[in-house]
Amino acid sequence: MSSSILTRAIGATAALAILATAAVAQDVVPGAEVVEEAVEVAASTAVPADGQFVFNTLLFLIGGFLVMWMAAGFAMLEAGMVRSKNVSMQCLKNIALYSIAGLMFWVIGYNLMYEGVGGGFFGTPIPKDIPDPALDTGDYAAASDWFFQMVFAATTASIVSGTIAERTKLWPFLIFVAILTGVLYPITGSWQWGEGWLYEMGFSDFAGSTLVHSVGGWAALTGALIIGARADKYSAEGRVNPLPGSSMPLATLGTFILWLGWFGFNGGSQLAMGTIEDASSVARIFVNTNLAAAAGVVTAMLLCQAIYKKVDLTIALNGALAGLVAITAEPLAPSVPVAIFVGAIGGAIVVFAVPLLDKLKIDDVVGAIPVHLFAGIWGTMAVPISNADTYFSVQAIGVLAYGAFTVVASAIVWYALKLTMGVRVSKEEERVGLDKHEVGVEAYPEFAGAGRA
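Residues numbered from 1 in each chain as written. Predicted model: local features only at pLDDT ≥ 70, side-chain atom pairs only at ≥ 80, totals over all residues. Heavy atoms only, no water.

## Some remarks on the overall build of the protein chain
Then comes step 1: The number of helices and strands found in the protein chain is 17 helices and 0 strands.
Then comes step 2: Looking at the protein chain as a whole, 55% of its 453 residues qualify as buried.
Then comes step 3: Summarising the internal contacts of the protein chain: among those between residues at least 6 apart in sequence, 78% fall at separations of at least 24.
Then comes step 4: Summed over its atoms, the accessible surface of the protein chain is roughly 18,900 Å², and 69% of this surface lies on carbon and sulfur atoms. (Helix = DSSP H or I, 4+ residues; strand = E, 2+ residues; numbered from the N terminus. Buried < 20%, exposed > 50% of the residue type's maximum accessible area, 1.4 Å probe, protein only. Contact = heavy atoms within 4.5 Å. Areas by Shrake-Rupley, 256 points an atom, 1.4 Å probe, with all protein chains shown as cover.)

## A few points about the packing of helix α4 (residues 87-114) against helix α6 (residues 170-192)
Then comes step 1: Where α4 contacts α6, the axes come no closer than 8 Å and their chain directions differ by 35 degrees. Of the two elements, α4 crosses α6, and the hand of that crossing is right-handed.
Then comes step 2: Split into classes, the residues belonging to the contact of α4 with α6 amount to 20 nonpolar, 5 polar and 1 charged. (Axes fitted to C-alpha atoms, helices over the stretch in contact; angles between N-to-C directions. Left-handed = near helix turned anticlockwise from the far one by under 90°. Nonpolar A, V, L, I, M, F, W, Y, C, P; charged D, E, K, R; others polar.)

## Examining the nonpolar core
Then comes step 1: Core analysis: the largest hydrophobic core is formed by 67 residues, its most contacted members being Phe105, Phe152, Tyr185, Trp262 and Phe265.
Then comes step 2: Sequence-distant contacts of Tyr185, defined by excluding residues within four places in its chain, comprise Phe105, Met113, Phe152, Ala153, Thr156, Leu180, Trp193, Leu211 and Val212. (Core = buried A, V, L, I, M, F, W, Y, C linked by side-chain atoms within 4.5 Å.)

## Side note on a nonpolar patch on the surface
Then comes step 1: Judged by side-chain polarity, Val54, Leu58, Ile62, Phe65 and Met68 come together as a nonpolar surface patch covering roughly 420 Å² of accessible area.
Then comes step 2: Tracing the backbone shows Val54 in helix α3 (residues 49-81).
Then comes step 3: For Val54, a relative accessible area of 46% translates into the label partly exposed. (Patch = residues over 30% accessible without salt bridge, like charges linked within 9 Å, V, L, I, M, F, W, Y side chains within 5 Å. Salt bridge = Lys/Arg side-chain N within 4 Å of Asp/Glu carboxyl O.)

## Notes on the environment of Ala411
Then comes step 1: Note that Ala411 resides in helix α15 (residues 392-420).
Then comes step 2: Overall, the relative accessible area of 17% leaves Ala411 in the buried class.
Then comes step 3: If sequence neighbours within four positions are ignored, Ala411 has contacts with Thr222, Ile226 and Thr406.

## Examining unusual backbone geometry
Then comes step 1: If you check the backbone angles, Glu195 has positive phi at about 60 degrees while not being a glycine.
Then comes step 2: In this fold, Glu195 is placed in the loop between α6 and α7 (197-201).
Then comes step 3: Phi is positive for Leu271, close to 70 degrees, though the residue is something other than glycine.
Then comes step 4: Summarising the element assignment, Leu271 is placed in the loop between α9 (248-267) and α10 (276-308).
Then comes step 5: Given the relative accessible area of 39%, Leu271 is considered partly exposed.

## Brief notes about the packing of aromatic side chains
Then comes step 1: For the coordinates displayed, the defined rule picks out 18 aromatic pairs.
Then comes step 2: Centroid distance Phe60 to Phe148: 5.4 Å. Interplanar angle 65 degrees. Geometry classified as edge-to-face. With Phe60 in helix α3 and Phe148 in helix α5 (residues 142-163), this pair connects stretches of sequence that are 88 residues apart. Neither Phe60 nor Phe148 differs from the other in exposure class; each is buried.
Then comes step 3: Ring pairing ties together the aromatic residues Phe60, Tyr140, Phe148, Phe152, Trp193, Trp262 and Phe265, which thus form one cluster.
Then comes step 4: Between the NZ or CZ atom of Lys93 and the centre of the ring of Phe173, over which it lies, the distance is 4.6 Å. (Phe/Tyr/Trp six-rings, centres within 6.5 Å; stacked < 30°, edge-to-face > 60°. Lys NZ or Arg CZ within 6 Å of the ring centre and 35° of its normal.)

## Notes on helix α13 (residues 368-381)
Then comes step 1: Taking 1.5 Å of rise per residue, the 14 residues of α13 would be expected to cover 20 Å, and the 19 Å separating its terminal C-alpha atoms lies within 8% of that figure.
Then comes step 2: Along α13, the helix axis deviates most sharply at Ala375, where the bend reaches about 25 degrees.
Then comes step 3: Summarising burial for α13: 11 of the 14 residues are buried, a large majority.
Then comes step 4: Among the residues of α13, Ala368, Ile369, Pro370, Val371, His372, Leu373, Ala375, Gly376, Trp378, Gly379 and Thr380 are the ones counted as buried. (Expected span 1.5 Å × (residues − 1). Bend = angle between axes of the 7 residues up to and from the residue.)

## Some remarks on the packing of helix α8 (residues 209-227) against α15
Then comes step 1: The geometry of α8 relative to α15 is characterised by a closest axis approach of 8 Å and an angle of 40 degrees between their N-to-C directions. Of the possible angle classes, the one that applies to α8 and α15 is oblique. Pair α8 / α15 crosses with right-handed handedness. In contact with Thr210, Leu211, Val215, Trp218, Ala219, Thr222, Gly223, Ile226 and Ile227 of α8, α15 contributes Val399, Tyr402, Gly403, Thr406, Val407, Ser410, Ala411, Trp414, Tyr415 and Lys418.
Then comes step 2: When its residues are assigned to classes, the contact of α8 with α15 shows 12 nonpolar, 6 polar and 1 charged. (Parallel < 35°, antiparallel > 145°, perpendicular 65-115°, else oblique.)

## Describing the pattern of salt bridges
Then comes step 1: This model, assessed by the stated rule, comprises 6 salt bridges.
Then comes step 2: The shortest N-O distance in the salt bridge between Asp363 and Arg230 comes to 2.7 Å. Within this pair, whereas Asp363 is found in the loop between α12 (336-359) and α13, its partner Arg230 is found in the loop between α8 and α9, the two being separated by 133 residues in sequence. The residues Asp363 and Arg230 share a single accessibility class, namely buried.
Then comes step 3: Note that Glu428 is salt-bridged to Arg431, the shortest N-O span being 2.8 Å.

## Quick word on the confidence of the model for the protein chain
In low-pLDDT segments, the atomic positions of the prediction should not be examined closely.
Then comes step 1: On average, residues of the protein chain score 90 in pLDDT, and 89% of them are at 70 or above.
Then comes step 2: Contacts of residues 1-30 to residues separated by more than four positions or lying in other chains number 25 contacts, the stretch itself having pLDDT below 50. (pLDDT = per-residue confidence, 0-100.)

## So, the environment of Phe147
Then comes step 1: Along the chain, Phe147 falls in helix α5.
Then comes step 2: Accessibility expressed as a relative area gives 21% for Phe147, which makes it partly exposed.
Then comes step 3: With 79 residues separating them along the chain, Phe147 and Met68 place their C-alpha atoms 9.4 Å apart.
Then comes step 4: Discounting chain neighbours no more than four positions away, the residues touching Phe147 are Leu61, Gly64, Phe65, Met68 and Tyr98.

Spelled out as C-alpha cells, the structure:
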C-alpha cells in the first residue's frame, strides 16, 4: 500500500470516528459544522506520531540504500573509464573507500558534523551513539539518520577516486579518504547542515551540490594538481593523447546506477515523509531530478554534434551526471522548466570544461571535476532563481568558503602524504598497470599484458 493511500485511509477513519463521537455526545445527527470540524481535525492528524516516525525512518533507510547503491555506480563508471590494466584497482578503491567512510563517519564524522555546532565551525569529535530501539525518540530512528548521512560522506570520496586514477598508490589514497570522510567533509558539512555559520547566514544547499559534490571536486582537483597527469596523457609539444577506457558498457551501466541512486540522494534529503505535503514534495523532487538529468544528456549531445560533428558517449554520460549534480542544490522549489534549464546548463558545462582541463594539462580520468565541481558550483549559484529565501551573494560566500577550506586542507594532506609515503607509482608500474603492481589481481588477465594501454 502506498503512503498516500494509507494516509487517506487513516484520515477517513479518523473522520468517521470523530463523527460518531459527536453524534453520541449530542444525541443528534451531526450537522454541517460538525462535519467540517471533523474533516479539519482528520486532516491535521492524518498520520499519528508513531506513523510519522515509521514513514520518516523508511525514507532515510530507502534513500540511504539507494545512495549506497551509487557506490556500485561509481565503481562501474570508473572501471569502464580507466584502461583494462587498472580496472581491478578502481574496483578495490571503491569498496575500500566506502568501508573506510563508514567507519570514520561513526568514529568521529557524524558528531563532528552535527553535535553541538551551534552556529560555529564544527561539532564534537566523538563516536555516534546508536540508541536502544526501545528508547529511541524523535521524529525518526537515530540509526536511520546516521546511515543516510554516512553514505553521503562515502560519495564525496568516490568523486576523488576517479579523477586521480591510474597513477596513484592505494594506501596513501585510502589515508586521504579516511581524513576526508572523518574530518574534512564533516567540518564543512557542519557549516550548513549542522546549522553552523553558513546556515546562520542563510546559505542553502538542499542535498549537496556544494557540500558533497563540490567538496569532492575541490579535493579531486587539488589531488590532480599535486599528483600530476598520467605519463602518457600529454606530449612535450602539448598534444593531448586520447586514452580510451576499457568498457563503455560498464561506464553506461555505472551512469544509470548513479541516476537511480540520485532519487535517494535528493528525495531522501526531504528528511520527512509523514505528511501528505512531505510525500508530494518527495515526488516533485523525483520529477525535477529526473528531468534535469535528461536535459543534461540532450544538451551535451546537441553541443557535441554542433561542435565536433560527432556525439561522444562519455560526454553524454557526464552530461547526465552534471544535470543531476546541478539540480541537487535545490530540487524541490523549481518548476519543471526551471529544473530542465538548470540541468541543461550542467550538461553544457561538461562539453566546454573537459577540453579546458586538457588545455591546462589537468588530467581528470573520468571527468569528475567538470561534473561535480563546476556543475556543483553552478547548481549552488542557481538556487535563488527558484528559492526566494536565498541570495546570490550568500551563495557565493558559501561556494568560496567551501573551495578555500577544501583546497588548503586537501593540499596539506596530499603534500604530507607525498613527502612521507609518496602518492604516485613509478613510471614502470604505471606503464604495466596498477592491477599487477598494486592489487595483484588483473581484471582482464587474458588481455592486459605488460605495456598494453
